[in-house]
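Here is what each chain is made of, one letter per residue.
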Amino acid sequence: MNSALFRKNILVFVGLFLCFEVVVTLRNFSVHLGDLQVYYDLSKNIIVYRLVPYHDFKLEYPPLAILTMLFPQLLCQIGETGFYGFVVFFALQNIVFGFYTGTIAFKIANTFLEAPRVQELRLIYWVLWVISLPIFLFRYDAFVAFSTILVIYYVVKQSPAASGVWLAVGILAKLYPVIFVAPIVFYYFVNKQYRFLALFLGGVSVISVLTIVGMYFWAGEDVWSFLKYHQLRGIQLESLVGGWLVLWNKMGGTPLQTIANFGAIHLVTPLTIPLLKVLSWGFPMAYLLILGVIYAFFQKQNRVSTEMLLIAFGVVLLLFLVSNKVFSPQYLIWFLPIVPFLRPTIIYCFGVAFILTIAIYPGSYHRMVEMKLLWVVMLNVRNGLIFVMLMFGLYSMPFLNRFDINLKRKNIWESSKRIL
């Protein structure tokens, strides 16, 4: 199979899958209404009723998450369109975020890849983005993915203060980008760019302090309430541990019940409390271990490249996904700007994992909640693929490979021929 035919087959598949996505989204749009209604209500509280978030009404999101909801609400009020107008404006805003995320990713690729490889990356990103649409359009995580690619872009452009600013924006919108701080610190430290390191940390600190102090004066001590919200959450049904528990239950293991709270389905079992304690300690320990691996990986090289930094981003993010007590479908959006730069095997696994995610949510989420065996198996296969991606990400580091593999990715089309 030649490259042109393979690309044509990929495009045919994407077209057919897009038709499937349209049907799935229209038939199961109600699963999105809960989150979208929250976005609509909180932005309306601010713009229309002039209420103070955290103080006058509860808010489960970090402060800067609000920014992603205000503009669609403003257009909604101008056009007097109501809730469904807000949904349309919000989806259009996310399309813009998706477009510019891809555009900036291509600019990064142009700095260290040859033109044919950039074209490969361009096709990979758009294929994965189309696959993600049933979730991407209706969650504000699209903005955080956009901020993540800007972080990398400004590192490459040697604008560390701007990189720090955008990383702080991402952290204050979704929290998880805090895991990227250490790899960037290692990047600058190992490359002996100490002034850049100081500027980067300064950018992170200034925006973080200004936002937190501003929100504190605006909302008072209630501004920290969103942290308590996340601490109180249990083991979510779709998490790696949650999938194992449900599968074990199907095999005659521990009894379990489901409870709907915090906008998701959580599991109640005799093992829930012990597992939550394990997860609360397990992730920090695993994260520190992975950071040690990344630092050793960086130190072994003469100079840390952009591709090495992207591998590090991918590894810490995958670790976060597999070790978290919560794994909502939109979490895969976080990986979207990074995955096109990684190994072909990781790209394939991610594509299949996202397709399985769409089939579960919004595809037939009620069957997942009812714990039908097929959907339980699909969930565990999806989670297993994420774990496999983590293993391949670690394998990409020469520090872990006794044969000292070459970091330059093989041509994805040639790899595809062997796979097919």
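Bear in mind the structure is a predicted one, so any value in this text is a computation, not a measurement.

**Student:** I would appreciate a short explanation of helix 7 (residues 160–174) in the present structure.
**Tutor:** Spacing of three or four residues puts side chains on the same side of an α-helix, whose turn is 3.6 residues. Taking 1.5 Å per residue, 15 residues should reach 21 Å; helix 7 reaches 21 Å between its end C-alpha atoms and fits that length. Considered for burial, the residues of helix 7 that qualify are P160, S163, G164, L167, A168, V169, G170, I171, L172, A173 and K174. Looking one or two places after helix 7, you find L175, whose phi comes out positive at around 75 degrees.

**Student:** Teacher, can you tell me more about the UniProt feature "transmembrane region" (unreviewed entry) in the protein here?
**Tutor:** Mapped onto this structure's residue numbering, the UniProt feature "transmembrane region" (unreviewed entry) falls at residues 83–102, 123–153, 165–189, 196–219, 278–297, 309–327, 333–361 and 373–395. Along residues 333–361 one finds 62% helix and 0% strand; the C-alpha atoms at either end are 14 Å apart.

**Student:** What is the right way to read the environment of Y100 from this model?
**Tutor:** Tracing the chain through its elements places Y100 in helix 4 (residues 82–110). Spatially, the C-alpha atoms of Y100 and I184 are 22 Å apart, while their sequence positions differ by 84 residues.

**Student:** How do you make sense of the packing of aromatic side chains when you look at a structure like this?
**Tutor:** Think of a pair of aromatic rings as described by two things: how far the centres are apart, and how the planes are tilted against each other in angle. Per the stated rule, a full pass over the model turns up 42 aromatic pairs. Ring geometry for Y40 versus F86: centroids 5.5 Å apart, planes at 70 degrees, classification edge-to-face. On the criterion of sequence distance, the pair formed by Y40 in helix 2 (residues 30–47) and F86 in helix 4 is long-range, its members being 46 residues apart. Between Y176 and F180, the ring centres sit 6.2 Å apart and the planes meet at 80 degrees, which makes this aromatic pair edge-to-face. Classification of F180 by relative accessible area gives buried; the value is 1%. Of the aromatic side chains, those joined through ring pairs into one cluster are Y176, F180, F283, Y287, F313, F320, F327, Y331 and W334. Positioned above the aromatic ring of F327 is the side chain of R382, whose terminal nitrogen or guanidinium carbon lies 4.2 Å from the ring centre.

**Student:** Which parts of the structure should I look at to understand the pattern of salt bridges?
**Tutor:** Between side chains of opposite charge, a pair can form as their charged atoms come close. Applying the stated criterion across every chain yields a total of 2 salt bridges. Note that D35 is salt-bridged to R139, the shortest N-O span being 3.2 Å. One end of the pair, D35, is in helix 2; the other, R139, is in the loop between helix 5 (115–136) and helix 6 (141–156), with 104 residues separating them in the sequence. Owing to a relative accessible area of 1%, R139 belongs among the buried residues under this scheme. Put simply, K174 and D141 hold a salt bridge, and the shortest N to O gap is 3.2 Å.

**Student:** Explain the sheet that holds strand 2 (residues 257–261) to me, please; I cannot follow it from the model alone.
**Tutor:** In any sheet, the strands associate via hydrogen bonds between backbone groups, in a parallel or an antiparallel arrangement. The strand order across the open sheet formed by 3 strands is 1-3-2, and the pairing between neighbours is antiparallel. Lying at the two open borders of the sheet, with one neighbouring strand each, are strand 1 (235–236) and strand 2. Across 5 bridges, the pairing between strand 2 and strand 3 (residues 264–268) is antiparallel. Residue A260 lies in a different strand from strand 3, and its bridge partner there is I265.

**Student:** Can you help me understand the environment of G263 in this one?
**Tutor:** Looking at where G263 falls in the secondary structure, it is placed in the loop between strand 2 and strand 3. The spacing of G263 and R233 is 30 residues in sequence and 10.0 Å in space, taken between C-alpha atoms.

**Student:** I keep staring at the nonpolar core and nothing clicks. Help me out?
**Tutor:** Generally speaking, nonpolar side chains in soluble globular proteins are found buried as a group. Counting residues in each nonpolar core, the largest one holds 149 residues, and the members touching the most others are L167, F180, I184, F298, F335, F350 and I386. For this core, the leading source of residues is helix 13 (residues 306–323), giving 14 residues. Excluding residues that lie within four positions of it along the chain, I386 makes contacts with L318, L321, V322, F327, L332 and A353.

**Student:** Mind showing me how you'd approach unusual backbone geometry here?
**Tutor:** Trans is the prevailing form of peptide bonds, just as negative phi is the prevailing case for residues other than glycine. In this model, Y361 is joined to P362 through a cis peptide bond whose omega is 10 degrees. With respect to the helices and strands, P362 occurs in helix 14 (residues 344–363). Even without being glycine, Y54 reaches a positive phi, approximately 75 degrees. Note on placement: Y54 falls in the loop between helix 2 and helix 3 (67–79). The class of Y54 is buried, set by a relative accessible area of 4%.

**Student:** Would you mind showing me how to read the pairing of strand 3 here?
**Tutor:** Both faces of the sheet carry side chains from a regular strand, because those side chains alternate between them. Of all 5 residues in strand 3, 4 are buried; the element is thus mostly enclosed. For strand 1 and strand 3, the ladder comprises 2 bridges, and the chain directions are antiparallel. When the bridges of strand 3 are listed, I235 appears paired with L267.

**Student:** Looking at this structure, I do not really get a nonpolar patch on the surface. What am I missing?
**Tutor:** Residues I212, Y216, W224 and L227 make up a contiguous nonpolar surface patch of roughly 330 Å² in combined accessible area. Position of L227 among the secondary structure elements: in helix 10 (residues 225–231).

The rules behind the values
Residues numbered from 1 in each chain as written. Predicted model: local features only at pLDDT ≥ 70, side-chain atom pairs only at ≥ 80, totals over all residues. Heavy atoms only, no water. Helix = DSSP H or I, 4+ residues; strand = E, 2+ residues; numbered from the N terminus. Expected span 1.5 Å × (residues − 1). Buried < 20%, exposed > 50% of the residue type's maximum accessible area, 1.4 Å probe, protein only. UniProt positions renumbered as here; feature names shortened; annotations may be inferred. Phe/Tyr/Trp six-rings, centres within 6.5 Å; stacked < 30°, edge-to-face > 60°. Lys NZ or Arg CZ within 6 Å of the ring centre and 35° of its normal. Salt bridge = Lys/Arg side-chain N within 4 Å of Asp/Glu carboxyl O. Pairing = 2+ DSSP bridges. Core = buried A, V, L, I, M, F, W, Y, C linked by side-chain atoms within 4.5 Å. Contact = heavy atoms within 4.5 Å. Patch = residues over 30% accessible without salt bridge, like charges linked within 9 Å, V, L, I, M, F, W, Y side chains within 5 Å. Areas by Shrake-Rupley, 256 points an atom, 1.4 Å probe, with all protein chains shown as cover.

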